[in-house]
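Take a look at the letters that make up each chain.
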Amino acid sequence: MGAKESIVIYGAGGHARVVVDTLVAQGRYILTAIVDPGKADTTFHSLTVRENELGLEPTNFLVALGNNQLRKEIFAQLKSIGWTPAVVLHPTAVISPSASIGAGTVVFARTVVNANTSVGENCIINTGATVDHDCTIGDHAHVAPGCNIAGAVTVGEGALVGIGSCVIQEVRLGAWSTLGAGSVATEDVQASTTVVGVPARVSSPMSDSSVR
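This structure is a prediction, so every number in the text was calculated from the model and none was measured.

### Some remarks on the packing of aromatic side chains
Then comes step 1: Enumeration over the complete set of coordinates arrives at 1 aromatic pair.
Then comes step 2: A ring pair is formed by Phe61 and Phe75, whose centres lie 5.8 Å apart and whose planes are at 55 degrees; its orientation type is tilted. With Phe61 in strand E5 (residues 60-63) and Phe75 in helix H2 (residues 68-80), this pair connects stretches of sequence that are 14 residues apart. Like Phe75, Phe61 is buried.

Structural data, given as structure tokens:
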């Protein structure tokens, strides 16, 4: 491996800690700064957290926030000023050679992304999740830990597939929808809708309550 590249992480919460562990395991990047307005001047991974990115040279970045909408906004902001979204893959993840992973996406430990699956930009494929063949994961989506997604599933932009949930084959989860923790989606879910249960049924309009 050649010289390591610098990277800046936006976010200093629990999710960011797992992101940094993944960066270290991948071994490609050197963490040079942490940005999080809500945690400015605290210490994170031996670095003092910055309030913003002002004064930093454009470099690789990753938005380590669990809130999908906020992650989308920060991602767009940093790209617009010339920063480069990184792709971070844990070495224990199993990713098919025919799968594609978008810029700004993190694939965590012990995940599986199978053949001909497309994962969009700025996504989270979290610890131990499985995404089978021919799936499409939209930009800014979060597939939470322990999810099992069957073949030919579509997960829309910004959707949240809750921890330990399952999606059967060919189901479509609409943009900014939420599949609740431990739920099983057996039919399509409309955009901006929350479904819960086994089988999953409509609960309430979506509110992305992912923890930063």
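Read on, since the account is not over.
### Concerning the nonpolar core
Then comes step 1: Counting 29 residues, the largest nonpolar core has Ile125, Ile137, Ile149, Val155, Val161 and Val167 as its most contacted members.
Then comes step 2: Excluding residues that lie within four positions of it along the chain, Ile137 makes contacts with Ser118, Val119, Gly120, Cys123, Ile125, Val131, Val143, Ile149 and Val155.
Then comes step 3: Counting 19 residues, the second largest nonpolar core, distinct from the first, contains Ile7, Val19, Val20 and Phe108.

### Some words on the sheet that holds strand E14 (residues 130-131)
Then comes step 1: Read from one edge of the open sheet, 6 strands run E8-E11-E14-E17-E20-E23, paired in parallel fashion. Each of the sheet's edge strands pairs with one partner strand only, and the pair in question is strand E8 (94-95) and strand E23 (184-185).
Then comes step 2: Note: strand E11 (residues 112-113) against E14, 2 bridges, orientation parallel. Looking across to E14, one finds that Val113 is bridged to Val131.

### Considerations on the environment of Val202
Then comes step 1: Relative to the assigned elements, Val202 resides in strand E25 (residues 201-205).
Then comes step 2: A relative accessible area of 64% places Val202 in the exposed class.
Then comes step 3: A C-alpha to C-alpha distance of 26 Å links Val202 and Thr127, two positions 75 residues apart in sequence.
Then comes step 4: Not counting residues up to four positions away in its chain, the partners in contact with Val202 are Thr193, Thr194 and Val195.

### Side note on the environment of Glu157
Then comes step 1: Along the chain, the position of Glu157 falls in the loop between strand E18 (154-155) and strand E19 (160-161).
Then comes step 2: Exposure remark for Glu157: the relative accessible area of 29% places this residue in the partly exposed category.
Then comes step 3: For the pair formed by Glu157 and Thr59, sequence separation is 98 residues and the distance between their alpha carbons is 26 Å.
Then comes step 4: What Glu157 contacts, discounting residues up to four positions off in sequence, is Lys72, Gly138, Asp139, His140, Ala175 and Trp176.
Then comes step 5: There is a polar contact of 2.9 Å between the side chain of Glu157 and the side chain of Lys72.

### Structural notes on the pairing of strand E1 (residues 5-10)
Both faces of the sheet carry side chains from a regular strand, because those side chains alternate between them.
Then comes step 1: Strand direction decides the pairing type here: E1 and strand E2 (residues 29-35), joined by 6 bridges, are parallel. Note that in E2 the partner of Ser6 across the bridge is Ile30.
Then comes step 2: In this region the chain leaves E1, passes through helix H1 (residues 14-26) and returns to the parallel neighbour E2; the handedness of that crossover is right-handed.
Then comes step 3: As paired strands, E1 and E5 are joined by 4 bridges and run parallel to one another. Bridge pairing in E5 places Val8 opposite Phe61.

### Focus on the sheet that holds E5
Then comes step 1: With parallel pairing, the 4 strands of this open sheet are ordered in space as E2-E1-E5-E6. Among the strands making up the open sheet, the edge pair consists of E2 and strand E6 (84-85).

### Quick word on H1
Then comes step 1: Across its 13 residues, H1 extends 19 Å between first and last C-alpha, which sits within 8% of the 18 Å expected from 1.5 Å per residue.
Then comes step 2: Downstream of H1 by a residue or two, Gly27 has a phi angle that is positive, lying close to 80 degrees.

### Some details on the pattern of salt bridges
Then comes step 1: One pass over the structure, following the stated rule, counts 4 salt bridges.
Then comes step 2: Arg28 is paired through a salt bridge with Glu5; the nearest N and O atoms lie 3.2 Å apart. Pair noted here: Arg28 is in the loop between H1 and E2 and Glu5 is in strand E1, with a separation of 23 residues, a long-range link.

### Examining the side chain of Asn67
Then comes step 1: One can find Asn67 in the loop between E5 and H2.
Then comes step 2: A polar atom in the side chain of Asn67 sits 2.9 Å from the backbone nitrogen of Leu70.

Thresholds, definitions, all that
- Residues numbered from 1 in each chain as written.
- Predicted model: local features only at pLDDT ≥ 70, side-chain atom pairs only at ≥ 80, totals over all residues.
- Heavy atoms only, no water.
- Phe/Tyr/Trp six-rings, centres within 6.5 Å; stacked < 30°, edge-to-face > 60°.
- Helix = DSSP H or I, 4+ residues; strand = E, 2+ residues; numbered from the N terminus.
- Buried < 20%, exposed > 50% of the residue type's maximum accessible area, 1.4 Å probe, protein only.
- Core = buried A, V, L, I, M, F, W, Y, C linked by side-chain atoms within 4.5 Å.
- Contact = heavy atoms within 4.5 Å.
- Pairing = 2+ DSSP bridges.
- Polar contact = N/O pair within 3.5 Å; in protein donor to acceptor, adjacent residues only side chain to side chain.
- Right-handed = clockwise from strand over helix to strand, strands pointing away.
- Expected span 1.5 Å × (residues − 1).
- Salt bridge = Lys/Arg side-chain N within 4 Å of Asp/Glu carboxyl O.

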